[in-house]
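# Per-entry structural report
Okay, here's what each chain looks like letter by letter:
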Amino acid sequence: MAAVPGPLPPAEAEALVRALQGSELRDIGGQGWLRQHEYVEKLNMHGILSASAGQEQLLTELLVSHAKIPVLIGELISVEIWKHKIFPVLCRLQDFKPRSTFPIYVVLHHEASIINLLETVFFHKEICESAEDSILDLIDYCHRKLTLLAARSTTAPAAELPAEPLASPSSMQELQKQAEVMEFEISLKALSVLRFITDQLDSLPLSALTRMLNTHNLPCLLVELVEHCPWSCWEAGKLKKFENGTWHVVPPEDQVKMTKLDGQVWLALLNLLLSPECQRKYRFNGFNKSQLLKLRAFLTDVLIDQLPNLVEMQRFLSYLAVTDPAPPKKDLILEQLWNDDALEKPPSTHFSYTLIASKAACG
């Protein structure tokens, strides 16, 4: 029987963290980028094994001391841009028929590896603090993913993962299907990351609360997720829920049981709505108020028994129903806006998928 692999030795983990670097969009898929992907994959597995053993503190300290959280967030957004700007062009090219689509799959999988690593470590306050201003980019990223979740159809589950998800797909069409499945799982990871961010509201930059509450109106978006629950669906008269990377049929006696994903949404709502600072900043206008009051229908005794903190939410909503909170005080907030000019940079001369796509776009 093969031995179960353990976490990396401390010296190797530190070497991998030190080696993490940001990359240009044009370099994605190149040899140097593939080495970075290998580092992320090893650290991701190390993080999972360490967390399962309750020993993730070392990885957390390494990422903080070497200031690598902003690097990981930057990489996360770069590969997201690649997926939405470059990958669709490659899929449309009639004469693009690579011998193997596995290298493209690796690029798509890179986003999943990074968000999984961030989900593992963002539970810790010092990780959130070390993100500094890049936390705004991560909030924007999570908002985009949650918007995709809220827009999903609730009539049928996402496509099942193939038996061997890391096997090289035989065609670009199959790769597109796998990308859709990965997008769903990535969005669920982003939900967990966002909930961990809301746990640390006191440690966020001044503009982060405004970004979450008023720019993106995350409370109303979370209400949408409570209403439509994209990780749950009815199929052939049976309730199916998505947990631990797969859809499974829920026995009748467990159908009212709160899942981990349900809990993440409710905990994020608790953090955003019951914090005095959030209540001071949030716009409780007619629309927002009507959306939030929809939550009362879901706050059953069975649910509250599973998460007793929801009693405070119930009281808050009862108060909100009969009052009109004062409009938020307008604060002056200065923040640097991120300007995505990555696609305007000239592509490098070595072979890259970005080069192929940019030439195709130019005709």
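A brief structural summary.

Rules of the game
- Residues numbered from 1 in each chain as written.
- Predicted model: local features only at pLDDT ≥ 70, side-chain atom pairs only at ≥ 80, totals over all residues.
- Heavy atoms only, no water.
- Pairing = 2+ DSSP bridges.
- Helix = DSSP H or I, 4+ residues; strand = E, 2+ residues; numbered from the N terminus.
- Expected span 1.5 Å × (residues − 1).
- Buried < 20%, exposed > 50% of the residue type's maximum accessible area, 1.4 Å probe, protein only.
- Contact = heavy atoms within 4.5 Å.
- Polar contact = N/O pair within 3.5 Å; in protein donor to acceptor, adjacent residues only side chain to side chain.
- Salt bridge = Lys/Arg side-chain N within 4 Å of Asp/Glu carboxyl O.
- Core = buried A, V, L, I, M, F, W, Y, C linked by side-chain atoms within 4.5 Å.
- Axes fitted to C-alpha atoms, helices over the stretch in contact; angles between N-to-C directions.
- Parallel < 35°, antiparallel > 145°, perpendicular 65-115°, else oblique.
- Left-handed = near helix turned anticlockwise from the far one by under 90°.
- Nonpolar A, V, L, I, M, F, W, Y, C, P; charged D, E, K, R; others polar.

## Here's the deal with the pairing of strand 3 (residues 246-249)
Of the strand pairs in this sheet, strand 2 (residues 238-243) and strand 3 are connected by 4 bridges, and their pairing is antiparallel. The residue bridging Lys-240 from the neighbouring strand is Val-249, located in strand 3.

## Remarks on helix 8 (residues 134-151)
Over its 18 residues, helix 8 runs 26 Å from end to end, which matches the ideal 26 Å to within 8%, given 1.5 Å per residue. Among the 18 residues in helix 8, 14 count as buried, and that is most of the element.

## Topic: helix 14 (residues 286-293)
Taken residue by residue, helix 14 has Asn-288, Lys-289, Gln-291, Leu-292 and Leu-293 as its buried positions. In this structure, the buried side of helix 14 is in contact with helix 11 (218-228), helix 12 (260-274) and helix 16 (310-322). The N-cap residue of helix 14 is Asn-285: its side-chain oxygen and the backbone nitrogen of Phe-287 are 3.3 Å apart.

## Focus: the pattern of salt bridges
In the structure shown here, the tally under the stated rule is 17 salt bridges. Across the pair Glu-277 and Arg-280 runs a salt bridge, and its minimum N-O distance is 2.8 Å. Of this pair, Glu-277 and Arg-280 both sit in helix 13 (residues 276-281), 3 residues apart, which is roughly one turn of the helix. Classification of Glu-277 as partly exposed rests on a relative accessible area of 32%. A residue is classified by how much of its surface remains accessible, and Arg-280, at 34% relative accessible area, is partly exposed. Bridged by salt links that share partners, the residues Lys-83, Glu-111, Lys-145 and Glu-183 form one connected network.

## Focus: the environment of Leu-274
Mapped onto the fold, Leu-274 is located in helix 12. Overall, Leu-274 belongs to the partly exposed group, its relative accessible area being 26%. In this structure, the C-alpha to C-alpha distance between Leu-274 and Glu-312, residues 38 residues apart in sequence, is 7.9 Å. For Leu-274, the contacting residues outside a window of four places in its chain are Leu-269, Gln-279, Glu-312, Met-313 and Phe-316.

## Considerations on the environment of Ser-207
With respect to the helices, strands and loops of the structure, Ser-207 is situated in helix 10 (residues 206-215). On the basis of relative accessibility, which here comes to 7%, the residue Ser-207 falls in the buried class. Linking Ser-207 and Asp-133, residues 74 residues apart in sequence, is a C-alpha distance of 9.2 Å.

## Overview of the pairing of strand 1 (residues 232-235)
Regular strands have side chains that alternate between both faces of the sheet. As judged from the 4 bridges shared by strand 1 and strand 2, these two strands associate in the antiparallel manner. Bridged to Glu-235 within strand 2 is Lys-238. Turn length for the strand 1-strand 2 hairpin, with the two strands adjacent in sequence and antiparallel, is 2 residues, and the turn residue Ala-236 shows positive phi of about 55°.

## A short note on the nonpolar core
Ranked by internal contacts, the top residues of the largest apolar core, which has 104 residues, are Phe-122 and Leu-138. It is helix 9 (residues 172-199) that contributes the most residues to this core, 13 residues altogether. Apart from the residues lying within four places of it in its own chain, the contact partners of Phe-122 are Ile-69, Ile-127, Cys-128, Ala-131, Ile-135, Leu-138, Val-193, Phe-196 and Ile-197.

## Remarks on the packing of helix 14 against helix 16
Here helix 14 crosses helix 16 at 140°, and the two axes come no closer than 10 Å. As far as their axial angle goes, helix 16 and helix 14 are oblique. In the packing of helix 14 onto helix 16, the handedness of the crossing is left-handed. Here Lys-289, Leu-292 and Leu-293 of helix 14 come into contact with helix 16, specifically with Leu-317, Leu-320 and Ala-321. By residue class, the composition of the contact of helix 14 with helix 16 is 5 nonpolar, no polar and 1 charged.

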